[in-house]
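# Chains, contacts and geometry: an overview
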Amino acid sequence: MAYEIPKLYVCMMMAMIVMQPKVFVLGVPQVPCLFFFGDSQFDNGNNNNLITKARANYAPYGIDYGEGNTSTGRFSNGKNIADYLAELIGFTSPIPSWASTIGNVSAILNGVNYASGGAGILEESGINLGDRISMDRQLINHEFTILLRGLNSPNLQKCLYIINIGSNDYINNYYLNNSHSRSLYTSDNFADILINKYSSQLNNLYNLGARKIAVFNAGVIGCIPQELELYPQTNGSTCVESINSAVFLFNTKLKSLIAKLNTQLNSATFTYIDSFAIAISGNPIEQGFDVTNAPCCAVSTATGIVGVAPGQCAKQSAIPPCPNRNKYVFFDNYHPTELINLGIAYISYSTSVPSFAVPFNIHDLAAA
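The notes below deal with the structure included here. Because the structure is a prediction, the values reported are computed rather than measured.

Criteria and cut-off values
Residues numbered from 1 in each chain as written. Predicted model: local features only at pLDDT ≥ 70, side-chain atom pairs only at ≥ 80, totals over all residues. Heavy atoms only, no water. Helix = DSSP H or I, 4+ residues; strand = E, 2+ residues; numbered from the N terminus. Rg over C-alpha atoms; globule rule 2.2 N^0.38 Å. Buried < 20%, exposed > 50% of the residue type's maximum accessible area, 1.4 Å probe, protein only. Contact = heavy atoms within 4.5 Å. Areas by Shrake-Rupley, 256 points an atom, 1.4 Å probe, with all protein chains shown as cover. Expected span 1.5 Å × (residues − 1). Polar contact = N/O pair within 3.5 Å; in protein donor to acceptor, adjacent residues only side chain to side chain. Pairing = 2+ DSSP bridges. Axes fitted to C-alpha atoms, helices over the stretch in contact; angles between N-to-C directions. Core = buried A, V, L, I, M, F, W, Y, C linked by side-chain atoms within 4.5 Å. 1 Å grid on protein atoms, 1.4 Å probe; cavity = no way out; pocket = protein on both sides within 12 Å on 5 of 7 lines; lining within 4 Å. Points joined across faces, edges and corners; volume = space filled by probe spheres on them. Nonpolar A, V, L, I, M, F, W, Y, C, P; charged D, E, K, R; others polar.

When helices and strands are counted, the protein shows 13 helices and eight strands. Taking 368 residues into account, the globule formula puts the C-alpha radius of gyration at 21 Å, and the protein, at 19 Å, falls close to it. When its C-alpha atoms are laid out on the principal axes, the protein stretches across 50 × 45 × 45 Å. Across the 368 residues that make up the protein, the buried fraction comes to 56%. The long-range share in the protein, meaning contacts at least 24 apart out of those at least 6 apart in sequence, stands at 74%. Per element, the accessible surface of the protein, about 15,300 Å² overall, is 55% carbon and sulfur.

Here it is in structure tokens:
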């Protein structure tokens, strides 16, 4: 995997973020409405009432959210990537979760967040955790929103759509122990299956009126603490390279898909956000993070508390989360701390580095 990444640029961006952790935006939003689709990286409460192990509406999640100790369903100690992107785009309040807008038409005037922890591109991804709102089901919910609001194509074409999904197709499907998918398909075949399905979903979103669409690729899954625990033999690497290689195959195909959609779909503008490249672009230690391979909170195990996914923060743990959360990359075994979320959002929104966002950053996509 050959990348030529300007590490100094990333270090400077992260240093700025550490020194000024709050995002301030003046003026009106760049777009009239904003819609998020995806998984736990974006989920802000859609899983709270589902029968699932993929929930985060309990302490210590949200320990730094708002006035503190507010467990909203975000899989972090504070805000997630979607929260910060909404702020950067100019919205003064978080885009509401789909679950919170049911029966409240006025709540969806600025957009909706449909993301669901454990969700994947494939319907079966994440089924080991219980219920979750897959990408197909999120699109159905979006169609319902359009009908409920009475939106027409000219309105929808001005909105911004941001998608972050695909990680659970690896974490909670292909790389599960005794994975059926891994027994049937090579990593290249599996990536093709994902891309074919994702292509259909993105075309569906286009047919529902979307024209400005930002698509995040899958991150460096082989470097998260949970995968390092499951696959400890890394041959001296700090990550599970076999997993990262499989994800890299998917990302390469996804980048090509986005380029193809930009040429095939009339008046559509897609942009590809390379969160994989952003993640490997700098040394976290040099950026001020002391702990890069362990969680801030005490996590549950496979034999731990019923109803909590292994690797997520344990409920009612006697061990409090780390006090120096800005020094940790991960809050639990899967999800970044708030400061990392801010860094990813800030870079994807404003980057001038071509390898991080193709062909536009999110700021320029919104302005297009």
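Quick look at helix α10 (residues 241-264) now. Helix length check: α10 (24 residues) gives 34 Å between terminal C-alpha atoms against 34 Å at 1.5 Å per residue, within 8%. Turning to α10, its buried residues number three or more, namely Ile243, Asn244, Ala246, Val247, Phe250, Asn251, Leu254, Leu257, Ile258 and Leu261. Looking at the buried side of α10, the elements it contacts are α6 (168-174), α8 (187-207), β4 (212-216), α9 (225-230), β5 (269-273) and α11 (275-279).

A separate point is the side chain of Asn48. Assignment of secondary structure puts Asn48 in the loop between β1 (34-38) and α2 (81-89). Asn48 gets classed as buried once you look at its relative accessible area, which sits at 17%. Looking at Asn48, its side chain comes within polar contact range of the main-chain oxygen of Thr72, at 3.0 Å. Apart from the residues lying within four places of it in its own chain, the contact partners of Asn48 are Arg55, Asn57, Thr72 and Gly73.

On the basis of which strands lie adjacent, the open sheet formed by six strands has the order β2-β1-β3-β4-β5-β8 and mixed pairing. Each end of this open sheet is capped by a strand with a single partner; those strands are β2 (111-113) and β8 (357-358). With five bridges connecting them, β4 and β5 associate as parallel partners. Looking across to β5, one finds that Val215 is bridged to Tyr272. The strands touched by helix α4 (residues 135-149) within the sheet are β1, β2 and β3 (160-164), with β1 carrying the most contacts at an inclination of about 160 degrees. Here α10 sits on the sheet and contacts β4, β5 and β8; the angle it forms with β5, its principal contact strand, is near 165 degrees.

A separate point is the nonpolar core. One finds Leu85, Ile162, Ile163, Tyr170, Phe250 and Ile362 to be the most contacted residues of the largest nonpolar core, which totals 94 residues. Every residue in contact with Ile362, bar those within four places of it in the chain, is listed here: Leu85, Ile89, Leu160, Ile162, Ala214, Phe216, Ile273, Ser348 and Tyr349. One finds Ile63, Phe75, Val308 and Phe331 within the second-largest nonpolar core, a separate group that totals 13 residues.

Attention now goes to empty space enclosed by the protein. Counted under the stated rule, the structure contains one cavity of 30 Å³ or more. A volume near 30 Å³ is recorded for the largest cavity. Lining the largest cavity are Ser40, Gln41, Phe75, Ser76, Asn80, His335, Pro336 and Asn341. A per-class count over the lining of the largest cavity returns two nonpolar, six polar and no charged.

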